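# Commentary on secondary and tertiary structure
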Amino acid sequence: MAINMRYVVDGSDFTTAGEASTAVKMKLKKLGIAPDIVRRVAIAMYEAEINMVIHAGGGVAEVELESDKIIIKLIDHGKGIADVDLAMREGYSTAPDAVRNLGFGAGMGLPNIKKYSDEMHIDTEVGKGTTVTIIINLQ
Amino acid sequence: MIQFIKSGDTLEKNLCGVKQMKIGEICRILDAKVLCGQELMDTEVSSACGSDMMSDVLAFVKNHAILLTGLLNPQTVRTAMMMDMKCIIFVRGKTPDESMVSLAQDNGIVMMTTDFRMYTACGLLYNAGLYTSGSDKV
Ligand SMILES: Nc1ncnc2c1ncn2[C@@H]1O[C@H](COP(=O)(O)OP(=O)(O)O)[C@@H](O)[C@H]1O
Ligand SMILES: [Mg+2]
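These notes cover the structure that comes with them.

About the thresholds
- Residues numbered from 1 in each chain as written.
- Chains lettered and ligands numbered in written order.
- Predicted model: local features only at pLDDT ≥ 70, side-chain atom pairs only at ≥ 80, totals over all residues.
- Heavy atoms only, no water.
- Contact = heavy atoms within 4.5 Å.
- Buried area = accessible area lost by both parts, 1.4 Å probe.
- Salt bridge = Lys/Arg side-chain N within 4 Å of Asp/Glu carboxyl O.
- Polar contact = N/O pair within 3.5 Å; in protein donor to acceptor, adjacent residues only side chain to side chain.
- Helix = DSSP H or I, 4+ residues; strand = E, 2+ residues; numbered from the N terminus.
- Nonpolar A, V, L, I, M, F, W, Y, C, P; charged D, E, K, R; others polar.
- Axes fitted to C-alpha atoms, helices over the stretch in contact; angles between N-to-C directions.
- Parallel < 35°, antiparallel > 145°, perpendicular 65-115°, else oblique.
- Left-handed = near helix turned anticlockwise from the far one by under 90°.
- Buried < 20%, exposed > 50% of the residue type's maximum accessible area, 1.4 Å probe, protein only.
- Phe/Tyr/Trp six-rings, centres within 6.5 Å; stacked < 30°, edge-to-face > 60°.

Listed as interface residues are 22 residues of chain B and, on the opposing side, 27 residues of chain A. Roughly 1,900 Å² of surface becomes buried between chain B and chain A when both sides are summed, with 53% attributable to carbon and sulfur atoms. For chain B, the biggest contributors to the area lost against chain A are Leu58, Gln75 and Met82 of chain B; these three give 32% of the whole. Linking Lys25 of chain A and Asp84 of chain B is a salt bridge whose minimum nitrogen-to-oxygen distance equals 2.5 Å. Summed over the shared surface of chain B and chain A, the number is 16 residue pairs in polar contact (both at pLDDT 80 or more). Sorting the residues of the side of chain B that touches chain A by element identifies α3 (54-60) and α4 (74-82) of chain B as the ones contributing at least two each. Residues that form the side of chain B that touches chain A fall into these classes: eleven nonpolar, six polar and five charged.

In structure tokens, the structure reads:
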């Protein structure tokens, strides 16, 4: 019953960041999921995918569509987040200026993910990596 | 409330809050050059936003169909795609490379470039009636 999708997110190329989120958005749209839910999934996953590229050197995105919810996991083996509460704060960012010049790094990504999801979990260990789990209910 | 009604506006329009404007009309007002999506000039839109920070667009934008920006990279197009926007307008005469144009084209997004700066471009469209009434505060 459940539909699973898996994408490798290239950490070396900022220009392709967002391809996984785009693919998921299209797939959900095709499956007839309500447009506002598709948009929330797309935005939350896109922010997390961008984070994986700019902060963690890429990783893997796993999406599971269940009958009542969508679960998105973004798994990386980057540097991890030392203080999650601090990272969740609006405006907090360790992104270098180069990233800011690309239109990201405003410290709004994690707060945005929280805003658009029904549930959000961050499992992280410094030096080991981060898994961001985003859950969005279908109704 | 009343003082915000410009001459020529109807009260009804302000109460409804939405003026439909064709993308072709926006193009004319901004004296813009269309880079792709010429066939979509009759698409009607009712609101726009302007920003160079994509995270801000992702955070605060509700149902805007038009993105005015000075940010020239593929993430501009991806952001518009995620938000279901219909048109990207580059300000200050910025011109994207071919890969960006084709990404927009493939996804049914109109792309154009205007020589006006951000402030003026937004002002011209707002003045022409492209805004949603009611508070736009975050
Ligand atoms: N996957 C990740 N790996 C390591 N650090 C991360 C990751 N995601 C977020 N962070 C940290 O959390 C901070 C806040 O993230 P976010 O709210 O998305 O803002 P921004 O990406 O604009 O810096 C980042 O600056 C970074 O320090
Ligand atoms: Mg971020």
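Still more ground to cover, so stick around.
The geometry of helix α1 (residues 19-30) of chain A relative to α4 of chain B is characterised by a closest axis approach of 11 Å and an angle of 25 degrees between their N-to-C directions. The angle between α1 of chain A and α4 of chain B falls in the class roughly parallel. You can see that α1 of chain A and α4 of chain B cross each other, and the crossing is left-handed. Residues Glu19, Ser21, Thr22 and Lys25 of chain A of α1 of chain A touch α4 of chain B, and the partners they reach there are Arg78, Met81 and Met82 of chain B.

Turning to the pattern of salt bridges, a few remarks are in order. All names here are of chain A. On inspection of all chains with the given rule, the structure shows eleven salt bridges over all chains. For Glu62, the salt bridge is made with Arg6, and the minimal N-O distance between the two is 3.9 Å. Taken together, the positions of Glu62 in strand β2 (residues 58-65) and Arg6 in strand β1 (residues 3-10) put the pair 56 residues apart, joining distant regions of the chain. Residue classification places Arg6 among the exposed positions, given a relative accessible area of 55%. Put simply, Arg100 and Asp97 hold a salt bridge, and the shortest N to O gap is 3.4 Å. Taken together, the residues Arg100 and Asp97, both in helix α4 (residues 97-100) and three residues apart, mark about one turn of the helix.

Moving on, we come to α4 of chain B. Residue and element names in this part refer to chain B. The element α4 is largely enclosed, with a buried count of nine among its nine residues. Along α4, the residues classified as buried are Pro74, Gln75, Thr76, Val77, Arg78, Thr79, Ala80, Met81 and Met82. For α4, the side-chain oxygen to backbone nitrogen distance between the N-cap and Gln75 is 2.7 Å, and the N-cap itself is Asn73. Residue Asp84 follows α4 closely and has a positive phi angle near 60 degrees.

Attention now goes to the packing of aromatic side chains. By the definition in use, this model includes three aromatic pairs over all chains. Ring geometry for Tyr46 of chain A against Phe104 of chain A: centres 5.9 Å apart, planes inclined by 85 degrees, an arrangement best described as edge-to-face. Of this pair, Tyr46 of chain A sits in helix α2 (residues 35-56) while Phe104 of chain A sits in the loop between α4 and α5 (109-116), and the two are 58 residues apart along the sequence. Here Tyr46 of chain A and Phe104 of chain A have matching classes, each one buried. Note on Tyr126 of chain B and Tyr131 of chain B: the rings are 4.6 Å apart at their centroids and 15 degrees apart in plane angle, and the pair reads as stacked.

Topologically, Asn73 of chain B is positioned in the loop between β5 (66-69) and α4. Assessed through its relative accessible area of 7%, Asn73 of chain B is described here as buried. Once residues lying within four places of it in the same chain are set aside, the contact partners of Asn73 of chain B are Phe14 and Leu102 of chain A together with Met100 of chain B.

So far we have only geometry, and geometry alone does not tell us how the molecule works.
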